[in-house]
Every structure is written in C-alpha cells, then in structure tokens.
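Examination of the molecular architecture
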Amino acid sequence: MVIKKYIAETEDEAIALARDELGSDAVIMNVKRSVPKGIYKFIKKTSVEITAAVDDAPQEEDKPDFSKLQEAIRNQEPYAAPDSKAARQEEQREKLLQSDQIISEDLDAESVKDPVKEQQAIEEKLSSLQNLLEKQVMHSQDAGEKSWENPEEKEEEPQDKLGTYFQLIRDKMLDNEVLEEYVDQIIQAVETGKRKDWTLDNILAGVYQKIILKIGQPHLIDVRTKKTKYIFFIGPTGVGKTTTIAKIASTLKLTKKTKVALITSDTYRIAAVEQLKTYANILGIPLEVVYSAEEMEKTMDKLKDYDLVLVDTAGRSHQNSEQIHDIRNLLQKVPDEDKEVYLVLSATTKYKDLVNISQAYSKITEYFLVFTKLDETDTVGNIFNIRMLTGASLSYATWGQNVPDDIGKIDAQKMTKQLLGGNS
C-alpha cells in the first residue's frame, strides 16, 4: 500500500492532487482542515490536508498450467515441460512476474506492483466492511437507541456513535481471535487522531491501514543468487513441511530458470523420504539424504552447482531440547549469509502451542513464517498474533494438498479484511 499526504486550499483540490498522482483507485484515508487562528487568519488561508492510499498489489493473472504435472504426480511418472526453449521460459518468467505467484526475483522491488489490480479494491473492501458494521449499528439502535443517521448527512458525529464504531470494530477483531492487547494497540493508535467529524468510513480506513502496516510485506524466496543458497524448513510434525517444499520446488523448477535441489534430514519417517523422492524423480531434480549434521558439509559440496537447495528437516517437538539441539547443529553447518530459515506452522494449532513452538525455535535461529492448513480454519487471528509476538516476517500460506497449487504469499489486505469481519 502506497500512502501519501496532499495539502490544498479545498478538499476537492487536495483529492484531485491525490487522484492525479495515485490514480483513480486512490482511497482518501483521512481529511484534516487547518484554520489559521489569531493574527495568522489575516495572512494565511484555510487549508485541507488529506491522507490518500492506493493498493499496490499485482494484477491477478492466469497461473501457469500445471495440469500435466499434477497428472504425473498422481501417476508417479517423470514429468517433462512441454517446451523447454528459451523463448518459452522467458514467457513463463514474465507471466510469473506479473502474477500473484510465490517466488520473488527482486525482494527490493516487491513494492513495485501493477497499479491496475482490481479497480477500487480498497474501496470495495472498506465498503463491504462498512456495510456490515452499519447493519449492526442499525440493529442495535432498533432496540431503542437513537435511529440511524447517514454519516454523510451530518458534519459531526456524536461521541457515543464514534464509541459504537470503535467497539464494533474491536469486537470483530476479538471474534477473529486477535489478542486483546494487539486490538487495543491498533484502536488506540487510531483514536489518538480521532476528530468530531469522523465517520465510520474514516475510522475503518484508519484501522485498516494500521493492521496492514503491522502485517507488513511478505518475505519471499529470492531466486537471484550468485552462489548456492540453502532454504531450511523447520517446525513440528504434521504441519505440512514436505508438501510445502514440493510446491515451492515445482514452481522454481517449472516457471523459473533456477537449478534447484532437495535435501532431507527427516530420516525418522521413511514415508517422508519416499514422498520427497517421488517429487524429485517426477521433477527431475536431485535429492540427497542427510543422516546427521556431520554429513551436511559433504552433501553441500555435491550440490555446489545448484542455485537453491531446499532442506526438509525432521519434525521436532518444541518440548524436547535434545531434538531442537539437533536442528541447530544442522543449521550451523551453513553460514548465515548462505541460508534462510522458514518456520512452518499450522493455522489450526491453538495459540498457546504456537507461542511455545515459535519461542523454542527463536532460541536457535531467526526465521520467516509459513502457515499451512488455512482451508481448515475460519480465523486468521493467530497468524497476526504470532507475527506481532515474534516480529518475524510472514511469507507463504498453504490451503490444500495439491502440488504445486494451493500455495501463495500471505496477502496483507485479504488478511486485514478477514480480521475485520469482511469475510462474513
């Protein structure tokens, strides 16, 4: 989201400035009138400052056709891309860069997006949320409170109505399992700028902005690398690490000019090794099995000609310090500048356990956050909570078993909408 301020003599002129620079999709987040007082009223003119924002998310494009790959996976057969010519690769590359896919070629350029995605995207989201809250206000006032007044028909909002707006938004976030302390932080940050002429739209836009800023931009795997980079996936058992790796490896292999290899240290589960071996055979990429941290250096030497190596680690109990120590030994075999670590968590795990897991792994490494099984829960509050608790950047989300589909980057705007009840 791009957020800027504009100052002009009138509100219309300020809005025109915003539309000229940000485009017709710009949303007016806040309006502040400045009236000179005292002697200054004779030498200064009244001015209006507006805060405007525009959605910078990329335009949704058709994803590459993975149907043949999925058929090969079902049949456990080798898969060959239909056309491996350089022109075809470049076409796929350009298509991916324009789409809402999961890999980043330039993390510094993540904020440079196609400005035409979903015209009036933010307006529509705010509108749907506002309509939802307005209906609740009307319902509560039908029980004997003051009848509904259109905010646009009145210049000033009664303080009790503003309190109702904030309370409804607060309740929605709590219903979506956002911790009360984080809800209060957001509400208080917006309330500090509260004015008498604020409407529900102003308040909702302010809360919307604060949540998006706290979620932040997702951290995605950067395929630009001058030497081999190791991408570790850690986390408890049963969260879907192996399937997540298969999805990312498939996308890297089939839509990027990336030489990718796999390593698994999950020798405790024979099924996990066989599962990853099946994907590796289908994709035609190497898979190395590492039985101890000491074997890692030898394996790294074998894979030195590859761009990215995805490492599947054994699921470990956060309550077992010895098992966590084994993960740390494995991670330490790769220099910090040559690796990234992704902690994979299930969105269905209860918050207390998510706290314990994330804190246990925080003791041994820094990490980015991947959340799986979004299709198995109706709330995303815990994702927001863990982001706030750990300070770790969110990255990917998965919502099914289909390889290489059912994965994407975490969308801050969609999550914000859901946290505010816009999914209702």
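Keep in mind that what you see is a predicted model, and the values were worked out from it rather than measured. (Residues numbered from 1 in each chain as written. Predicted model: local features only at pLDDT ≥ 70, side-chain atom pairs only at ≥ 80, totals over all residues. Heavy atoms only, no water.)

By size, the foremost hydrophobic cluster in this structure holds 61 residues, and its most contacted members are Met173, Val207, Ile211, Tyr230, Phe232, Met296 and Leu369. When near neighbours in sequence (up to four residues on either side) are disregarded, Met173 contacts Val178, Val183, Ile186, Val207, Ile211, Leu419 and Leu420. In this structure, Ile231, Leu254, Leu308 and Val370 belong to the second largest nonpolar core, which totals 26 residues. (Core = buried A, V, L, I, M, F, W, Y, C linked by side-chain atoms within 4.5 Å. Buried < 20%, exposed > 50% of the residue type's maximum accessible area, 1.4 Å probe, protein only. Contact = heavy atoms within 4.5 Å.)

The next subject is helix H12 (residues 351-362). Spanning 12 residues, H12 covers 16 Å between terminal C-alpha atoms, matching the ideal 16 Å at 1.5 Å per step. Restricting attention to buried positions, one finds in H12 the residues Tyr351, Leu354, Val355, Ile357, Ser358, Ala360 and Tyr361. On the buried face of H12, the contacting elements are strand E4 (229-234), helix H11 (321-331), strand E8 (339-346) and helix H13 (381-390). (Helix = DSSP H or I, 4+ residues; strand = E, 2+ residues; numbered from the N terminus. Expected span 1.5 Å × (residues − 1).)

A word on the confidence of the model for the protein. Overall, the predicted model of the protein reaches an average pLDDT of 75, with 65% of residues at or above 70. Note on residues 105-120: pLDDT under 50 across the span, and 35 contacts to partners over four residues away in sequence or across chains. (pLDDT = per-residue confidence, 0-100.)

The next subject is the packing of helix H7 (residues 200-215) against H13. It is at 10 Å that the axes of H7 and H13 come closest, and there the two elements cross at 60°. In this view, H7 runs oblique relative to H13, as classed from their interaxial angle. From H7, Ile211, Lys214 and Ile215 reach across to H13, where they touch Phe384, Arg387 and Met388. Split by residue class, the contact of H7 with H13 holds four nonpolar, no polar and two charged. (Axes fitted to C-alpha atoms, helices over the stretch in contact; angles between N-to-C directions. Parallel < 35°, antiparallel > 145°, perpendicular 65-115°, else oblique. Nonpolar A, V, L, I, M, F, W, Y, C, P; charged D, E, K, R; others polar.)

It is worth spelling out the side chain of Thr365 at this point. You can see Thr365 is positioned in the loop between H12 and strand E9 (368-372). In contact with Thr365, other than residues within four places in its own chain, are Ile234, Leu331 and Val341.

If you trace the backbone, Thr258 turns up in the loop between helix H8 (241-255) and strand E5 (260-264). Not counting residues within four places of it along the chain, the set of residues in contact with Thr258 comprises Val223, Leu252, Asp307 and Leu308.

One open sheet accounts for eight strands, arranged E6-E5-E7-E4-E8-E9-E10-E11; its pairing is mixed. Only two strands of the sheet have a single partner each, and these edge strands are strand E6 (287-289) and strand E11 (407-409). Averaged over all neighbouring strand pairs, the angle between strand axes comes to 25°, with direction disregarded. Across three bridges, E5 lies against E6 in parallel orientation. (Pairing = 2+ DSSP bridges.)

With that settled, consider the pairing of E5. Of all the five residues making up E5, five are buried; the element is thus mostly covered by neighbouring parts of the structure. Where burial is concerned, the two faces of E5 agree: the one with Val260, Leu262 and Thr264 and the one with Ala261 and Ile263 are both buried. Across five bridges, E5 lies against strand E7 (residues 308-312) in parallel orientation. Counted as the bridge partner of Val260 is Leu308 from E7.

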